[in-house]
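# Topology and contacts: notes
In case you want the letters, here they are:
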Amino acid sequence: MKLRLGRRAGESGQAAWELLLVLPIFVGIILVSVDFALWMYHYVSVANAVREGARYGAVRCAFEGSCSADTIKQRVLERSGGILSNPDEVYVAWANRVGVSNNAGERGDSIVVWVVHPYSFLFLINPFDPQPLTMQVFSCAEMMLEQSYTTPVQPSNVSCSQ
């Protein structure tokens, strides 16, 4: 008995055609995965920076007497690992949770820091719009003040749970 290892007629190049059909799908899946991984990196970096800014405002600022929103914004920008560069994306507010006076900045009041940062995807595109797709990276942190500020701050009704 003799085995034939040859190909049937008309099957030459079939594997190349199958690879050509499947390769763009695999490359697309890999590029989308890289894009979402970068978005998650932005999200985690921004979340850590926001927590650090809120912690700075809740703990450190009391020992310095008072903090301005600009000081806390700068702290968030420094701790973002280069992700954030625009201070207009960072918001800082104090909430009067204790209710002893009309001002915030007393022990037990809250400081709320949040960021709304647009992330532009690298590989996800809208075929009908030349602009890259963007997704908002949002993070919020609220912490209670450990000590009272020596200079009261203007309260506002903000919370991360809103």
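Each remark here, short or long, concerns the structure printed above.
In short, a report on the structure. (Residues numbered from 1 in each chain as written. Predicted model: local features only at pLDDT ≥ 70, side-chain atom pairs only at ≥ 80, totals over all residues. Heavy atoms only, no water.)

Looking now at the overall build of the chain. Looking only at helices and strands, the chain features two helices and three strands. Secondary structure elements in the chain, listed N-terminal to C-terminal, are α-α-β-β-β. Looking at the 162 residues of the chain, the share that counts as buried comes to 33%. The long-range share in the chain, meaning contacts at least 24 apart out of those at least 6 apart in sequence, stands at 64%. Of the accessible surface of the chain, which amounts to about 10800 Å², a share of 58% is contributed by carbon and sulfur atoms. (Helix = DSSP H or I, 4+ residues; strand = E, 2+ residues; numbered from the N terminus. Buried < 20%, exposed > 50% of the residue type's maximum accessible area, 1.4 Å probe, protein only. Contact = heavy atoms within 4.5 Å. Areas by Shrake-Rupley, 256 points an atom, 1.4 Å probe, with all protein chains shown as cover.)

As a further point, take helix α2 (residues 69–79). Every buried residue belonging to α2 is among I72, K73, R75, V76 and L77, and all of these are buried. The first or second residue beyond α2 is G81, which carries a positive phi of 70 degrees.

With that settled, the discussion passes to the side chain of H117. Topologically, H117 is positioned in strand β2 (residues 110–126). With relative accessibility at 8%, the residue H117 sits in the buried group. In this structure the side chain of H117 is engaged in a polar contact, spanning 2.8 Å, whose partner is the side chain of E89. Not counting the four nearest positions on each side in its chain, H117 is found in contact with H42, I83, L84, E89, M135, Q136 and V137. (Polar contact = N/O pair within 3.5 Å; in protein donor to acceptor, adjacent residues only side chain to side chain.)

A word on the nonpolar core. The tendency in soluble globular proteins is for nonpolar side chains to be buried side by side. Among the nonpolar cores identified, the biggest contains 28 residues, and I72, W94, I111 and V113 are the most heavily contacted of them. Listing elements by their share of this core, those giving two or more residues are α1 (14–64), α2, β1 (90–95), β2 and β3 (129–144). Broken down by element, the residue count for this core peaks at eight residues, all from α1. (Core = buried A, V, L, I, M, F, W, Y, C linked by side-chain atoms within 4.5 Å.)

It is worth spelling out a nonpolar patch on the surface at this point. A surface patch of nonpolar side chains, amounting to about 750 Å² of accessible area, comprises L19, L23, V27, I30, L31, V34, L38, L122 and F123. Per element, the largest residue contribution to the nonpolar patch is seven residues, and it comes from α1. Here L31 shows up in helix α1. With relative accessibility at 31%, the residue L31 sits in the partly exposed group. (Patch = residues over 30% accessible without salt bridge, like charges linked within 9 Å, V, L, I, M, F, W, Y side chains within 5 Å. Salt bridge = Lys/Arg side-chain N within 4 Å of Asp/Glu carboxyl O.)

Looking at chain direction, β1 and β2 are connected through six bridges and run antiparallel. Bridge pairing in β2 places V92 opposite V113. Of the pairings in the sheet, the one linking β2 to β3 comprises 13 bridges and is antiparallel in character. In the sheet register, S120 faces β3, and the bridge partner there is T134. If you look at the hairpin formed by β2 and β3, you'll find two residues sitting between the two strands. (Pairing = 2+ DSSP bridges.)

Let us look at the packing of aromatic side chains. Scanning the entire structure with this criterion turns up four aromatic pairs. The interplanar angle of 85 degrees and the centroid separation of 5.2 Å between the aromatic rings of Y119 and F121 together place this pair among those described as edge-to-face. For the residue pair Y119 and F121, the accessibility class agrees, reading buried in each case. Of the aromatic side chains, those joined through ring pairs into one cluster are F36, Y119 and F121. (Phe/Tyr/Trp six-rings, centres within 6.5 Å; stacked < 30°, edge-to-face > 60°.)

What follows deals with the sheet that holds β2. Within the open sheet, the three strands sit side by side as β1-β2-β3. Their pairing is antiparallel. Either end of the sheet is taken by a strand with one partner, and the two such strands are β1 and β3. For this sheet, the mean angle separating the axes of adjacent strands, direction not counted, is 25 degrees. The strands touched by α2 within the sheet are β1 and β2, with β1 carrying the most contacts at an inclination of about 130 degrees. (Axes fitted to C-alpha atoms, helices over the stretch in contact; angles between N-to-C directions.)

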